[in-house]
Amino acid sequence: PRRPRGPALLVVMVMLLLLAWMGLSAFRMTGQHSQVVGNTQSRVLATAAAQRAIEQTISSDQFARDPGAVAASPITTDVDGDGTPDLTATLDPRPRCARVRPIKTAELDVRRSGDRVCLQSSDAGGLLMVERPAAVVASGDSLCAASEWDISARVEDARTGAAAAVQQGIGIRVAQADADSCCK
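What counts and what doesn't
Residues numbered from 1 in each chain as written. Predicted model: local features only at pLDDT ≥ 70, side-chain atom pairs only at ≥ 80, totals over all residues. Heavy atoms only, no water. Helix = DSSP H or I, 4+ residues; strand = E, 2+ residues; numbered from the N terminus. Buried < 20%, exposed > 50% of the residue type's maximum accessible area, 1.4 Å probe, protein only. Contact = heavy atoms within 4.5 Å. Areas by Shrake-Rupley, 256 points an atom, 1.4 Å probe, with all protein chains shown as cover. pLDDT = per-residue confidence, 0-100. Expected span 1.5 Å × (residues − 1). Patch = residues over 30% accessible without salt bridge, like charges linked within 9 Å, V, L, I, M, F, W, Y side chains within 5 Å. Salt bridge = Lys/Arg side-chain N within 4 Å of Asp/Glu carboxyl O. Pairing = 2+ DSSP bridges.

### Here's the deal with the overall build of the protein
Thought 1: Of the regular secondary structure elements, the protein holds 4 helices and 5 strands.
Thought 2: Ordered by position from N to C terminus, the α and β elements of the protein give α-α-β-β-β-α-β-β-α.
Thought 3: Burial statistics for the protein: of 184 residues in total, 26% are counted as buried.
Thought 4: When contacts within the protein are restricted to residue pairs at least 6 apart in sequence, long-range pairs at least 24 apart make up 66% of them.
Thought 5: Accessible surface computed for the protein: about 12700 Å², of which carbon and sulfur atoms make up 56%.

Written out as structure tokens, the structure reads:
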């Protein structure tokens, strides 16, 4: 007695097709997940480069005197350490000074070196003239001003197509003499 082999062969063929389809789907999903991870990494690197550009710009001593000139230069980042810039950040739009106000001497603490600079007198040859360090400093404007800025940086990676924009508000203490020129 012979058994029918046709239906068994058909079932095996359908099962093989299903397994092949599942394997191909898993392969495609793995590729898509890798692409998503790569895109996310590129976007994170672009965001970090934009943040670095803002930090480098505001850390420049020249920023308080001429923010437009400092912001005009693109800032490059070498991500992989090969000596070739991978990302270029531009400060666009130009940093905008939201406001500037004189710092009152009563707001300063003579014990802090950053505050003492604002209390130095040109009449004393740049020396700090404080008789009693714990004493309250007389009221009036100091030699410093507080400026508030809106800064935006944009990065576009031509290789990956990743783009990022970072906007940040910052406060910078500037010399009162530079306050009017830096906050136009």
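### Section: the confidence of the model for the protein
Thought 1: The pLDDT averaged across the protein works out to 84; a share of 86% of its residues lies at or above 70.
Thought 2: Per-element averaging of pLDDT across the protein places helix α4 (residues 176-182) at the bottom with 78 and strand β2 (residues 87-90) at the top with 94.
Thought 3: pLDDT under 50 marks residues 124-137. Its contacts with residues more than four places away, or in other chains, come to 15 contacts.

### Let's talk about helix α1 (residues 6-59)
Thought 1: Taking 1.5 Å of rise per residue, 54 residues should cover 80 Å, and α1 covers 79 Å from first to last C-alpha, within 8% of that figure.
Thought 2: Where α1 is concerned, the buried positions are S42, A46, A49, A50, A53, I54 and T57.
Thought 3: Taken together, the buried residues of α1 touch α2 (67-72), β1 (75-77), β2, β4 (141-156) and β5 (163-175).

### Thoughts on a nonpolar patch on the surface
Thought 1: A cluster of nonpolar side chains, contributed by L9, V12, M13, L16, L19, W21 and M22, occupies part of the molecular surface with about 780 Å² of accessible area.
Thought 2: Among the secondary structure elements, W21 is positioned in helix α1.
Thought 3: The exposure class of W21 is exposed, given its relative accessible area of 57%.

### Remarks on the pattern of salt bridges
Thought 1: Under the defined criterion, the tally for this structure stands at 8 salt bridges.
Thought 2: Between R154 and D92 there is a salt bridge, and its shortest N-O distance comes to 3.9 Å. Of the two residues, R154 is situated in strand β4 and D92 in the loop between β2 and β3 (96-104); the sequence distance between them amounts to 62 residues.
Thought 3: Judged by relative accessible area, which is 40%, D92 ranks as partly exposed.
Thought 4: Salt-bridge contacts for E148 lead to R99; the nearest nitrogen and oxygen are separated by 3.0 Å. Of the two residues, E148 sits in strand β4 while R99 sits in strand β3, which places them 49 residues apart along the sequence.

### As for the environment of P85
Thought 1: Mapping P85 onto the fold places it in the loop between β1 and β2.
Thought 2: A relative accessible area of 47% means that P85 is categorised as partly exposed.
Thought 3: Put simply, P85 and I75 are 10 residues apart on the chain and 9.3 Å apart in space, counted from C-alpha to C-alpha.
Thought 4: With sequence-adjacent residues up to four places away left out, P85 is seen in contact with T76, T77 and D78.

### A word on the pairing of β5
Thought 1: Two elements, β4 and β5, share 13 bridges in a ladder whose sense is antiparallel. Among the inter-strand pairings, S147 is bridged to a residue of β5, identified as I172.
Thought 2: Connecting β4 to the next strand, β5, in antiparallel fashion are 6 residues, including G161 with a positive phi near 85°.

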